[in-house]
Amino acid sequence: MTSQVELAVQARISEARRKIEQKKRRRAELAERRQHGLQARHAAKMRRWDKESS
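Sequence order as written defines residue numbering, which begins from 1 separately in each chain. Note on the predicted model: pLDDT of at least 70 is required for a residue's local features to be given, and 80 or more for side-chain atom pairs to be given and counted; whole-chain, interface and lining totals, by contrast, use all residues. Calculated side-chain values reflect all of the structure's heavy atoms, with hydrogen atoms and water omitted.

Undergrad: If you had to explain the overall build of the protein chain to someone new, which residues and values would you point to?
TA: Numbering of helices and strands runs from the N terminus, with a helix taken as a DSSP run of H or I at least four residues long and a strand as a DSSP run of E at least two residues long. Scanning the protein chain from N- to C-terminus turns up one helix and zero strands. Taking 2.2 N^0.38 as the reference for a compact globule, 54 residues should give roughly 10 Å; the C-alpha atoms of the protein chain span a radius of gyration of 23 Å, well beyond that estimate. In terms of principal-axis extent, the alpha carbons of the protein chain reach across some 80 × 10 × 5 Å. When burial is assessed residue by residue, the protein chain has 2% of its 54 residues classed as buried. His is not counted, nor are the chain ends, whereas Lys and Arg count as positive and Asp and Glu as negative. A charge is said to be at NZ when it belongs to Lys, at CZ for Arg, at CG for Asp and at CD for Glu. Distance from the positive charge centre (16 side chains) to the negative charge centre (7 side chains) of the protein chain: 4 Å. For the radius of gyration, the atoms used are the C-alpha atoms, and the globule rule reads 2.2 Å times the number of residues raised to 0.38. The buried label goes to any residue with under 20% of its type's maximum accessible area, the exposed label to any with over 50%, and the partly exposed label to all in between, with areas taken from a 1.4 Å probe on protein chains only.

Next comes the structure, spelled out in structure tokens:
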């Protein structure tokens, strides 16, 4: 039989794992958005350069 203390420890461990996984997903999401933003800014810069050279 599992003691109350062991159950509490298991709950804390599973909560910590859930938080870590949540942070990983958030960082991945932000990295994807950042990359998309960099690509969009670069494309806009190229369009401005094309306008200026025409």
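Undergrad: Can you tell me about a positive patch on the surface, naming the residues and giving the values?
TA: Excluding any residue in a salt bridge, patches collect residues exceeding 30% relative accessible area, merging like charges within 9 Å and nonpolar Val, Leu, Ile, Met, Phe, Trp and Tyr side chains within 5 Å. Accessible surface is estimated by sampling points in the Shrake-Rupley manner with a 1.4 Å probe; for residues, cover comes only from the protein chains shown. Each reported salt bridge corresponds to a side-chain nitrogen of Lys or Arg within 4 Å of a carboxyl oxygen of Asp or Glu. Together, K19, K23, K24 and R27 make up a region of like positive charge exposed at the surface. Along the chain, the position of K24 falls in helix α1 (residues 4-53).

Undergrad: Mind laying out a nonpolar patch on the surface, listing which residues take part and the relevant values?
TA: Among the surface-exposed residues, V5, V9 and I13 lie close enough to one another that they form a single nonpolar patch of about 260 Å² accessible area. Tracing the sequence through the fold places V5 in helix α1.

Undergrad: Give a detailed account of the pattern of salt bridges, specifying residues and quantitative values.
TA: One pass over the structure, following the stated rule, counts three salt bridges. One salt bridge in this structure joins R33 and E29, with 3.1 Å as the shortest N-O distance. Of this pair, R33 and E29 both sit in helix α1, four residues apart, which is roughly one turn of the helix. Of the residues examined, R33 reaches a relative accessible area of 53% and is grouped as exposed.

Undergrad: Which residues make up the environment of E52, and what values do they have?
TA: Within the secondary structure layout, E52 lies in helix α1. For E52, a relative accessible area of 63% puts it in the exposed group. For the pair E52 and L7, spaced 45 residues apart in the sequence, the C-alpha separation amounts to 67 Å.

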